[in-house]
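# Notes for the structure review
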Amino acid sequence: MTKPFIDVLAGRRQAVPPLWMMRQAGRYLPEYRALREKAGSFLDLCFTPEYAAEVTLQPIRRFNFDAAIIFSDILVIPHALGRSVRFEAGEGPRLDPLDKPDQVATLAAHADFGKLEPVYEALRRVRAGLDSGIALIGFCGAPWTVATYMVAGQGTPDQAPARMMAYRHPEAFAGIIDVLVENSIQYLVGQLKAGADALQIFDTWAGVLPPREFERWSIEPTRRIVEGVRKRVPDAKIIGFPRGAAGQLPAYVEATGVNAVSIDWTADPSLIRERVQTKVAVQGNLDPLVLIAGGAALDRAVDDVLANYGKGRLIFNLGHGIQPETPIAHVEQMVRRVREYKG
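The structure reproduced in this document is the subject of the present report. (Residues numbered from 1 in each chain as written. Predicted model: local features only at pLDDT ≥ 70, side-chain atom pairs only at ≥ 80, totals over all residues. Heavy atoms only, no water.)

## Structural notes on the pairing of strand β5 (residues 198–203)
For β5, the tally of buried residues reaches six of six residues, placing the bulk of the element in the interior. Going residue by residue along β5, you find A198, Q200 and F202 tucked away on one face and L199, I201 and D203 tucked away on the opposite face as well. The sheet contact formed by strand β4 (residues 135–141) and β5 spans five bridges and is parallel. Looking across to β5, one finds that C140 is bridged to I201. (Buried < 20%, exposed > 50% of the residue type's maximum accessible area, 1.4 Å probe, protein only. Helix = DSSP H or I, 4+ residues; strand = E, 2+ residues; numbered from the N terminus. Pairing = 2+ DSSP bridges.)

## Thoughts on the side chain of R83
Mapped onto the elements, R83 comes out in the loop between α5 (76–80) and β2 (85–88). No salt bridge is formed by the buried R83, whose closest oppositely charged neighbour, D96, lies at an N-O distance of 5.5 Å. Apart from the residues lying within four places of it in its own chain, the contact partners of R83 are P78, D96, P97, L98, T106, L107 and M150. (Lys, Arg positive; Asp, Glu negative; His and termini not counted. Salt bridge = Lys/Arg side-chain N within 4 Å of Asp/Glu carboxyl O. Contact = heavy atoms within 4.5 Å.)

## As for the layout of surface pockets
Of the volumes computed, that of the largest pocket is approximately 1,400 Å³. Lining the largest pocket are 41 residues, with R23, R27, F42, D73 and F87 sitting closest to its centre. Breaking the lining of the largest pocket down by element, the ones donating at least two residues are α2 (30–39), β2 and β3 (92–95). (1 Å grid on protein atoms, 1.4 Å probe; cavity = no way out; pocket = protein on both sides within 12 Å on 5 of 7 lines; lining within 4 Å. Points joined across faces, edges and corners; volume = space filled by probe spheres on them.)

## Brief notes about empty space enclosed by the protein
Applying the stated rule across the entire model yields one cavity of 30 Å³ or more. Considering only enclosed or pocket space, the largest cavity measures out at about 40 Å³ in volume. Around the largest cavity sit F241, P242, R243, G244, A245, A246, L249, S262, I263, D264, T266 and A267, which together line it. For the lining of the largest cavity, a count of residues per class yields seven nonpolar, three polar and two charged. (Nonpolar A, V, L, I, M, F, W, Y, C, P; charged D, E, K, R; others polar.)

## Details of the pattern of salt bridges
For the structure shown, the criterion picks out 18 salt bridges. With a shortest N-O distance of 2.6 Å, D197 and R127 are connected by a salt bridge. Residue D197 is found in the loop between α10 (170–193) and β5, and its partner R127 is found in helix α7 (residues 117–129); the two are separated by 70 residues along the sequence. D197 sits in the partly exposed class, given a relative accessible area of 24%. Sharing partners across several salt bridges, the network here consists of E117, E121, R124 and R125.

## Focus on the packing of aromatic side chains
Per the counting criterion, the structure on display carries eleven aromatic pairs. Centroid distance F42 to F71: 5.8 Å. Interplanar angle 70 degrees. Geometry classified as edge-to-face. Placement of the pair is F42 in helix α3 (residues 42–47) and F71 in the loop between β1 (67–69) and α5, with a sequence separation of 29 residues. Pair check on accessibility: F42 and F71 agree, each one buried. Through a chain of ring-to-ring contacts, the aromatic side chains of Y32, F42, F71 and F87 assemble into a single cluster. (Phe/Tyr/Trp six-rings, centres within 6.5 Å; stacked < 30°, edge-to-face > 60°.)

## Notes on the nonpolar core
F5, F173, I176, V229, L286, V331 and M334 are the most contacted members of the largest nonpolar core, which totals 137 residues. Counting residues per element, this core draws most heavily on α10, which supplies 13 residues. (Core = buried A, V, L, I, M, F, W, Y, C linked by side-chain atoms within 4.5 Å.)

## Observations regarding the sheet that holds β1
The seven strands are arranged β1-β4-β5-β6-β7-β8-β9 in an open sheet whose pairing can be described as parallel. With one partner strand each, in any of the chains shown, β1 and β9 (314–318) form the two edges of the open sheet. For this sheet, the mean angle separating the axes of adjacent strands, direction not counted, is 25 degrees. Note: strand β8 (residues 281–286) against β9, five bridges, orientation parallel. What sits directly across from G284, in β9, is F316. The strands that helix α15 (residues 295–309) touches are β8 and β9; relative to β8, the one it contacts most, it runs at about 160 degrees. (Axes fitted to C-alpha atoms, helices over the stretch in contact; angles between N-to-C directions.)

## Some thoughts on the packing of α15 against helix α16 (residues 328–339)
Closest axis-to-axis distance for the α15/α16 pair is 10 Å, and the angle between their directions is 40 degrees. Here α15 lies oblique to α16, going by the angle between them. The handedness of the crossing between α15 and α16 comes out as right-handed. Contact residues: α15 offers G295, L298, D299, V302, D303 and L306, while α16 offers H330, Q333, M334, R337 and V338. Split by residue class, the contact of α15 with α16 holds five nonpolar, three polar and three charged. (Parallel < 35°, antiparallel > 145°, perpendicular 65-115°, else oblique. Left-handed = near helix turned anticlockwise from the far one by under 90°.)

Here is the structure:
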């Protein structure tokens with residue numbers, strides 16, 4: 001059975017765009033909240049294959065999306081590299097900061113992939129429980145974005161600590177990036193072997209970089225990951241998401257070799273249509289806030305995405321992750337509207 005999501009990545013436009021949502025397994029679902037409470041901690045939820053597989057499948061059962069994305073986190077690589085990673089309730093991730101050049105020398109070169117075996121087991125379980133027409137997505141954080149958390153020890157408004165380290169100590173910062181590139185390649189290949197059909201590289205903080213730094217710290221590491229994965233899995237399907245990259249998207253697509261690029265809701269439609277969608281598939285880009293608003297505003301916003309990108313290769317998605325307060329009825333409204341599209 002064909003998978004519409006994979007068909008689009010392989011170059012075949014679908015009359016009705018395949019549909020999924022970033023963070024689709026999440027707090028807006030009561031069944032997720034119940035299991036999250038049972039698991040105890042966020043990392044226990046990620047690293048208990050039975051739980052991670054179950055929350056991955058929950059949104060598929062509700063909405064019959066065209067793709068499931070494995071439930072995990074972008075910071076599992078630092079965890080496997082031996083860094084302390086914890087999630088404080090309401091505070092987000094906390095790591096031991098890696099903000100001085102001499103500390104970088106203490107970073108392990110090779111991750112303990114035994115620590116990531118639960119992710120692979122969860123992928124195998126999901127694959128076994130997933131309808132053959134629905135794709136399974138594996139993912140990692142892009143080296144730049146993961147490094148921003150490793151350097152600061154937490155998220156900050158504009159990730160200034162990592163930007164400052166990259167300016168002041170580029171060689172040391174490149175040491176962190178190199179370790180993340182090599183271990184991300186191995187992690188992604190492992191996910192493909194465990195049953196993932198496609199991969200997404202999340203560069204959530206790409207948009208804070210000026211052009212020269214964007215090329216060095218976002219484009220180049222992503223290109224190396226794509227190349228490294230395809231050396232071992234030649235036809236690997238890979239989506240890049242350099243959030244906030246705006247006018248730098250054409251250069252990103254050209255250089256990295258991704259099959260698709262995910263765009264946020266501020267993307268300029270004519271730039272994307274003329275200089276991006278002519279080369280690769282586009283994924284996005286509904287504003288998550290309009291999904292909370294619902295009603296006529298949601299219908300208009302869905303129609304705008306379809307009008308802007310539906311004539312080319314499109315995977316319908318949000319411009320970032322779904323928010324916890326999103327009403328389920330609004331997700332159902334969006335799914336109906338997309339699936340009624342006559343492209």
